[in-house]
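# Examination of the molecular architecture
Spelled out from the first residue to the last, the chains are:
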Amino acid sequence: MSRPKVLVAMKLVPEIAIDLLRKRFDVEVCDSILVTQAELMKKVPGKFAIFCSPANKIDEELIKTAGPSLKVVGTMSVGYDHVDLSAMKKYGIRLGYTPDVLTETVAETTVGLLIATTRRFFEANHAVKTGGWKDVTPVWMCGRGIRNSVVGIVGCGNIGTSIAKKLKAFEISQLLYTSRSEKPAVNALGGKLVTINELVEQSDFIILSIALNEDTKFIINKERIAKMKSHAVLVNIGRGGLIDQDALIEALQENRIGGAGLDVMTPEPLPLDSPLMKMDNVVLLPHIGSASIETRTEMAILTAKNIIAALDNAAMPKEVQF
């Protein structure tokens, strides 16, 4: 009797996760790092499960193309804005995801991105490599320190809380955060729950660590950028759609804010002709917030275990409820 089939929508997934799946499934691994939607549509019919990432759009058309065999989608991510939840619910398909395991790695990346942006590391590195390191003045390549600053974290779930803990060690003067409710762990660090408008007005450093949904899309818009301090640095490790990118580009070009550190942007990959590519006051990373070997391996294993649980009609280790 034939075994159920899993489509892994990317290559180079840690082999330990693929081996787990092969014990129970026939596994087809796409041979592209960034598989096209057309290729997904071609390969998905008859599959029991899709092992995917935020680069893959799981919409109703894809689900219908898969047919009634499709029972579960496992995304190797904490965010699932690439998945049409209403269509998943309509067709009775379960969704597994990978929260918690990437918390510390993403928080580490956030702190590194913040420091690199405010202390101008990439700009300074470029100067070293291109002959700009000569006849320097006392203020050459000076950035702003984090000590005694006001830090605002938009979205204080597990990742935001971990970021807060790490930045507290920098002896900041005030920690502000937004959340649907008080966070005792953040309050214990001296954090203060405020509105988004209060946070953008008062913070020297603004960090976005909130999920993208209809309520949070463009949570940083033209009006809120206008409220920011002239030296404010904006860091985004959530999703590109949290920011009105055109408004951000305009503000950066006119030096109305200090800079931006972006691990996520719109679209991804960012076109080489994007104005963001040409700005000295912007640090760009290619969505590598969770990119440690240990974390990506854990994420892959958890995704596989979520899919296996669906086969056994059992509780997933981590399932999105909708």
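As a reminder, the structure under discussion sits directly above these lines.
All of the points below concern the structure found in this document. (Residues numbered from 1 in each chain as written. Predicted model: local features only at pLDDT ≥ 70, side-chain atom pairs only at ≥ 80, totals over all residues. Heavy atoms only, no water.)

## With respect to the packing of aromatic side chains
- Enumeration over the complete set of coordinates arrives at 2 aromatic pairs.
- Taking the centre distance of 5.8 Å and the plane angle of 35° together, the rings of Phe25 and Phe48 count as tilted. On the criterion of sequence distance, the pair formed by Phe25 in the loop between α1 (15-22) and β2 (26-29) and Phe48 in the loop between α2 (37-43) and β3 (49-52) is long-range, its members being 23 residues apart.
- Owing to a relative accessible area of 1%, Phe25 belongs among the buried residues under this scheme.
- Among the residues examined, Phe48 registers a relative accessible area of 12% and is labelled buried.
- Here the basic side chain of Lys217 rests over the ring of Phe218, its NZ or CZ set 5.7 Å away from the ring centre. (Phe/Tyr/Trp six-rings, centres within 6.5 Å; stacked < 30°, edge-to-face > 60°. Helix = DSSP H or I, 4+ residues; strand = E, 2+ residues; numbered from the N terminus. Buried < 20%, exposed > 50% of the residue type's maximum accessible area, 1.4 Å probe, protein only. Lys NZ or Arg CZ within 6 Å of the ring centre and 35° of its normal.)

## With respect to the packing of α1 against helix α12 (residues 293-311)
- Where α1 meets α12, the axes come as close as 8 Å, and the angle between the chain directions of the two elements is 15°. With respect to their mutual orientation, α1 and α12 come out roughly parallel. Relative to α12, the crossing made by α1 is right-handed. Listed contacts from α12 to Ile16, Ala17, Leu20 and Leu21 of α1 are Thr297, Ala300, Ile301, Ala304, Ile307 and Ile308. (Axes fitted to C-alpha atoms, helices over the stretch in contact; angles between N-to-C directions. Parallel < 35°, antiparallel > 145°, perpendicular 65-115°, else oblique. Left-handed = near helix turned anticlockwise from the far one by under 90°. Contact = heavy atoms within 4.5 Å.)

## Thoughts on the side chain of Thr98
- Within the secondary structure, Thr98 is located in the loop between β5 (94-96) and α5 (103-118).
- Filtering out sequence-adjacent residues up to four positions away, Thr98 remains in contact with Thr75, Met76, Ser77, Val78, Met299, Leu302 and Thr303.

## Points about the sheet that holds strand β9 (residues 205-208)
- Strand order in the open sheet formed by 7 strands is β8-β7-β6-β9-β10-β11-β12, with parallel pairing between adjacent strands. Each edge of the open sheet is held by one strand with a lone partner, namely β8 (191-193) and β12 (282-284). Going across the sheet, the axis of each strand differs from the next one's by a mean of 15°, ignoring polarity.
- Taken together, the 4 bridges between strand β10 (residues 233-236) and strand β11 (residues 259-262) define a ladder with parallel strand orientation. Within β11, the residue paired with Asn236 across the bridge is Leu262.
- Most of the contacts of α5 go to β10, to which it runs at about 150°, and overall it touches β9, β10, β11 and β12. (Pairing = 2+ DSSP bridges.)

## Looking at the sheet that holds strand β1 (residues 5-8)
- Ordered in space as β2-β1-β3-β4-β5, the 5 strands form an open sheet in which the pairing is parallel. Strands with a single pairing partner mark the edges of an open sheet, and in this sheet they are β2 and β5. Within this sheet the neighbouring strands show an average axis-to-axis angle of 15°, counted without direction.
- In the sheet, β1 pairs with β2 via 4 bridges, with the strands oriented parallel. Within β2, the residue paired with Leu7 across the bridge is Glu28.
- Most of the contacts of α1 go to β2, to which it runs at about 145°, and overall it touches β1, β2 and β3.
- Contacts from α12 reach β1, β3, β4 (72-75) and β5, with the element oriented near 170° to β3.

## Description of the pairing of β1
- One crossover worth recording links β1 to the parallel β2 by way of α1, and it is right-handed.
- Examined bridge by bridge, β1 and β3 share 3 bridges and lie parallel to one another. From the neighbouring strand, Val8 faces β3, where its bridge partner is Phe51. (Right-handed = clockwise from strand over helix to strand, strands pointing away.)

## A look at the environment of Val200
- Structurally, Val200 is set in helix α9 (residues 196-202).
- Assessed through its relative accessible area of 0%, Val200 is described here as buried.
- On a C-alpha basis, the gap between Val200 and Ala232 in space is 8.8 Å, while along the polypeptide they are 32 residues apart.

## Things to note about the nonpolar core
- Grouped together as the largest cluster of nonpolar side chains are 48 residues, with contacts concentrated most on Val8, Leu21 and Phe51.
- Looking at this core element by element, the count peaks at 7 residues for α12.
- Val8 has contacts with Val13, Ile18, Leu21, Val27, Glu28, Val29, Cys30 and Phe51, leaving out every residue within four places of it along the chain.
- The next biggest cluster of nonpolar side chains, apart from the first, holds 30 residues, and it includes Val194, Ile225, Ala247 and Leu248. (Core = buried A, V, L, I, M, F, W, Y, C linked by side-chain atoms within 4.5 Å.)

## Notes on the pattern of salt bridges
- If you walk through the whole model with that rule in mind, you get 18 salt bridges.
- Glu171 is the salt-bridge partner of Arg147, the closest N and O atoms lying 2.8 Å from each other. Here Arg147 is found in the loop between α6 (121-129) and β6 (150-154), whereas its partner Glu171 is found in the loop between α7 (158-168) and β7 (174-178), with 24 residues between them in sequence.
- Classification of Glu171 as partly exposed rests on a relative accessible area of 48%.
- For Glu250, the salt bridge identified is with Lys222, shortest N-O distance 3.9 Å. (Salt bridge = Lys/Arg side-chain N within 4 Å of Asp/Glu carboxyl O.)

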